[in-house]
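# Analysis of the macromolecular model
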Amino acid sequence: MMLYLPVIIFAVTGIVFVVSGILPIVKVHSCKIPVKAYLMEKTRERMGRGTVLSCTFSFRYEGKDYYTKSSLGITGKVHDSLYIGNEYTIYLNEKNPRIFVLERKLFAAPFIMIFFGVFCFTLAALFYFAIIA
C-alpha cells in the first residue's frame with residue numbers, strides 16, 4: 001500500500017489542479033452579457049502568503065437589482081485603476097447574473113494550472129508503471 005502512495009498523491013494533486021484551471025475558463029466563457037454596473041467596494045484581503053483582490057458591483061439586470069462580489073480576473077493593475085462610484089461594463093452569466101467578470105479575457109494562470117495537473121497525472125502514471133514493472 002505504501003508503494004502506491006506517490007501514485008495517489010500525484011493523481012489527486014493532478015485532479016485538483018486541472019479542475020482549478022478549468023473552472024475560471026468556464027466562468028469567463030459563460031459570462032457574455034455586457035451590463036453597466038457601479039463599483040461599490042474594492043477589497044484587498046491577505047490569504048496566507050498571497051493577496052486576493054475583489055470588487056463589489058451594483059447593477060440592474062432584467063428588472064432585478066444585484067449587489068455582488070467577484071475576484072476572477074482582477075489583477076493588481078486592474079484593481080488599482082478602478083474607482084468606487086464609477087460606472088463600468090461587466091459581463092454576466094445569463095443563467096446566474098450573480099456570476100460576472102470584468103473582462104472577457106483569460107490570463108495564463110488557468111492554463112499553467114491545467115499543465116501542472118497533467119504533469120502530476122503523468123508522474124502518477126510513471127510511478128504506477130514503475131511499481132508494476
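About the thresholds
- The residue count restarts for each chain, going from 1 along the sequence in the order it is written.
- Local features in a predicted model are, by the rule used here, given only for residues with pLDDT of at least 70; side-chain atom pairs are given and counted only at 80 or more, and totals for whole chains, interfaces and linings are based on all residues.
- Calculation of side-chain values draws on the structure's entire complement of heavy atoms; hydrogens and water are dropped beforehand.
- What counts as a helix is a DSSP run of H or I of at least four residues, what counts as a strand is a run of E of at least two, and both are numbered from the N terminus.
- We call two residues contacting when some pair of their heavy atoms lies within 4.5 Å.
- Along the chain, pLDDT gives the predictor's confidence residue by residue, from 0 to 100.
- Two rings from Phe, Tyr or Trp (for Trp, the six-membered ring) form a pair when their centres are within 6.5 Å of each other. A pair whose planes differ by under 30 degrees is stacked, one over 60 is edge-to-face, and the rest are tilted.
- By this definition, two strands are paired if DSSP reports at least two bridges between them.
- Only buried residues count toward a nonpolar core. Its members are Ala, Val, Leu, Ile, Met, Phe, Trp, Tyr and Cys residues joined through side-chain atoms within 4.5 Å.
- Buried, partly exposed and exposed residues are distinguished by accessible area as a fraction of the type maximum, computed with a 1.4 Å probe on protein chains only: under 20%, between the cut-offs, and over 50%, respectively.
- Salt bridge, as applied in this entry: a Lys or Arg side-chain nitrogen positioned within 4 Å of an Asp or Glu carboxyl oxygen.
- Only residues above 30% relative accessible area that lack a salt bridge enter a patch, with like-charged residues linked at up to 9 Å and the nonpolar side chains Val, Leu, Ile, Met, Phe, Trp and Tyr linked at up to 5 Å.
- Only the protein chains shown count as covering a residue, and every accessible area follows the Shrake-Rupley method with a 1.4 Å probe.

## Focus: the environment of Ile114
Structurally, Ile114 is set in helix H3 (residues 108–132). In the structure, Ile114 is positioned 63 residues away from Thr51 in sequence and 22 Å away in space, judged by C-alpha atoms. Apart from the residues lying within four places of it in its own chain, the contact partners of Ile114 are Phe17, Val18, Gly21, Ile22 and Ile25.

## Description of the confidence of the model for the protein
Averaged over the protein, the pLDDT score is 85; the fraction of residues at 70 or greater is 97%. Looking across the protein, the model is least confident in helix H2 (residues 76–81), with a mean pLDDT of 80, and most confident in strand E4 (residues 87–93), with 90.

## Thoughts on the packing of aromatic side chains
A full pass over the atoms with the stated rule returns nine aromatic pairs. In textbook terms, an aromatic cluster arises when at least three aromatic residues are bridged by ring pairs, as seen for Phe57, Phe59, Tyr66, Tyr88 and Phe100.

## A few points about the pairing of E4
Where strand E1 (residues 31–47) meets E4, seven bridges bridge the pair, whose relative direction is antiparallel. The partner of Tyr38 across the bridge, within E4, is Glu87. What sits between E4 and strand E5 (residues 100–101) in their antiparallel hairpin is a turn of six residues.

## Quick notes on the nonpolar core
Judged by nonpolar contacts, the single largest core of 17 residues is most densely connected at Phe57, Phe59, Leu82, Ile90, Leu92 and Leu102. Looking at this core, the elements with two or more residues in it are E1, strand E2 (50–61) and E4. Of all the elements, E2 adds the most residues to this core, at five residues.

## Brief notes about the pattern of salt bridges
Counting across every chain of the model gives three salt bridges. Its salt-bridge partner being Asp80, residue Arg44 comes within 2.9 Å of it at the nearest N-O pair. Taken together, the residues Arg44 in strand E1 and Asp80 in helix H2 connect sequence positions 36 residues apart. What makes Asp80 partly exposed here is its relative accessible area of 46%. Residues Asp65 and Arg60 are paired through a salt bridge, measuring 3.1 Å at the closest nitrogen-oxygen approach.

## Points about a nonpolar patch on the surface
A cluster of nonpolar side chains, namely Leu3, Tyr4, Ile8, Val12, Val16, Tyr128, Phe129 and Ile132, defines an oily patch on the protein surface of about 770 Å² accessible area. Contributions of two or more residues to the nonpolar patch are made by helix H1 (5–30) and H3. With respect to the helices, strands and loops of the structure, Tyr128 is situated in helix H3.

## Focus: unusual backbone geometry
Phi angles above zero are rare outside glycine, and Glu62 is one such case at about 50°. Its place among the elements puts Glu62 in the loop between E2 and strand E3 (64–70).

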